[in-house]
Amino acid sequence: MSQYQETSNSKKSLRKRLIAPVLALAVVASLAGFETLKPTTVNAATPAPAPAAAALDDNSVGALLALDRAMETLAARVTPAIVNVAVTSKSKQTAMEEGGEQGGDMQQFFGPFFGQRTQPQQRIEHGIGSGVIISPDGYIVTNNHVVDGSMDIRVTMGDRRILPAKLIGTDPLTDLAVIKVEGTNLPSVPWGNSTELRPGETVLAFGNPFGFRFTVTRGIVSALNRPNPYTDDARKPGEFIQTDAAINPGNSGGPLVDARGEVIGINTFLVSPSGSFSGMGFAIPSQIVRPTVEALIRDGKVTHGYIGIGISDVTPENSKFFEVKDNTGAVVTQVELDSPGAKAGLKIGDVISEINGQKVSDAGELQVEVGQKRPGTTLKLVVLRDGKNVTIPVTLEEMGKRDVAENGGTGQHGKARWGLGLADITPEIRQEVRAPENVQGAVIERVLPGSAADNAGLQPGDVVQGVNRHEVKSAADVQQALSKVPAGQGALLLIWSRGGNTFRVLHSPDAS
């Protein structure tokens, strides 16, 4: 089980089936115990017990009572705007995955030649998550992973009405989505400013954990600006709010609110060895949520700015090597070929300390700032290079545009045809993926979800060695070979993966 558990995975009907018998057994046991242990008739002469000690007076616990009343007022204000989101969706799962852990263990033991993946089979799944109404006319914010692949969305309102919802737009990069129900004068919750949060502040998490609707939990802001924990795409922004307010499966998409009842985050995942709450829940901060939601409502989609560099934090351990005195900034660790960063002259080892006059504290902050800018925007970066400040203007491209170019053409609606992001094998990459010297070709950097490459089971770190029985030596070779595949036809790839070679078929998305 992955350490990071997305909280919308409340499709665990087994839990519910287990809970009911346990409760029923508890009731039966208590009744049996009552019949066995009930006291005999009390003798009239038996003295009555002495009265219990008096309760504390209100003056003694006035502060606690006032806090309780404040929390009650806050919960009563927000709860009517919380919704339960029920989704019927399509799911693709291979026959091996449907076989459970045994298939995975067998393949790992016998190597990549045993039990090759079959073509994904489509299944229908039902899941639930949470959402929050952010406008009286029915716009609702939730997580992308709650509604991903949805065929039907139903929303249960606070007054128990069940309404159909329309999908307005999604943004997989930030894991946010907007849906809408028809209505007027609906209860809603205002936006708060997550940049003003401080560790220790009281927050409340609202949602539908394990299907228990309209639940509220209380905690504090445990930490801020937590980094991106996802390994599938380094471009996903971090800056998460960490809280000890209980977040469990089903809370996904529900709001994290401050003491004023303002949305300062959207609950999205938890960190737990068991898959249930262990004191560490995480929410997307409103500084990311609000502009993303506004773009989805306005345009139905979000375009993110892209520089094409890898970055990491300046730390007390490495700062002296970059001649940084205050341990802040983002150090450039990679510059992609022909990217905006490469065209602007950014180099590995540069430390970006300012963006448009605003100081950069760490890599996560820079990533969020760049991602929220529109393609075509020119940013003025202040870079510390060899102990000297250099001002470098960078004009952003649209994130994802290079994915299309790297695929050797596009399919319908401008989407990448094959769903592959490729790179040449450098000595550093070879060492990272542990490919022997005799393995030549192009390494897979990215696989677009739902693409032909994804359906074929390709993963980042795999190496493409051949296309349609022809050897390839570079990413350019792969791109050129795939671009020559006629529309409606598939492609046969020779793949090196985890120590062995295998053939995989890419089925053309425009096949009839």
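Counting from 1, residues in each chain are numbered in the order their sequence is written. Owing to the predicted nature of the model, reporting of local features is limited to residues with pLDDT of at least 70; listing and counting of side-chain atom pairs is limited to 80 or more, with chain, interface and lining totals taken over all residues. Hydrogens and waters are ignored; side-chain quantities use all the structure's heavy atoms.

A. Structural detail: the overall build of the protein. The helix count covers DSSP runs of H or I at least four residues long, the strand count covers runs of E at least two residues long, and both are numbered beginning at the N terminus. The secondary structure content of the protein amounts to 12 helices and 28 strands. A separation of at least 24 residues holds for 63% of the contacts in the protein among residues at least 6 apart in sequence. We get accessible surface area from the Shrake-Rupley algorithm with a probe of 1.4 Å; when it comes to residues, only the shown protein chains can shield them. In the form shown here, the protein has an accessible surface area of approximately 26,900 Å², with 54% of it arising from carbon and sulfur atoms. Contacts are residue-level and defined by heavy atoms, with any inter-residue pair within 4.5 Å sufficient.

B. The confidence of the model for the protein, seen in detail. pLDDT: the predictor's confidence for each residue, scored from 0 to 100. The share of residues in the protein with pLDDT of 70 or more is 80%, and the mean pLDDT across the chain is 81. Highest mean pLDDT in the protein belongs to strand β4 (residues 139–142) (97); lowest belongs to helix α4 (residues 101–110) (30). With pLDDT under 50 throughout, residues 8–37 is counted as low confidence; its partners more than four residues away or in other chains account for 18 contacts. pLDDT under 50 marks residues 93–120. Its contacts with residues more than four places away, or in other chains, come to 33 contacts.

C. Highlighting unusual backbone geometry. In the Ramachandran plot, Asp-386 falls in the positive-phi region, its phi being about 55 degrees despite a non-glycine side chain. Structurally, Asp-386 is set in the loop between β20 (378–385) and β21 (388–395). Buried residues are those whose accessible area, probed at 1.4 Å on protein chains only, stays under 20% of the maximum for their type, while exposed residues exceed 50% and partly exposed ones sit between those limits. Accessibility expressed as a relative area gives 69% for Asp-386, which makes it exposed. Unusually for a residue other than glycine, Arg-434 sits at a positive phi of about 60 degrees. Considering the arrangement of structural elements, one finds Arg-434 in the loop between α10 (427–433) and β24 (442–447). Residue Arg-434 is classed as exposed on the basis of its relative accessible area, which comes to 72%.

D. Up close: the pattern of salt bridges. By definition here, a salt bridge exists when the distance from a side-chain nitrogen of Lys or Arg to a carboxyl oxygen of Asp or Glu is within 4 Å. Considering all chains together, one arrives at 11 salt bridges under this definition. Asp-152 is paired through a salt bridge with Arg-154; the nearest N and O atoms lie 3.2 Å apart.

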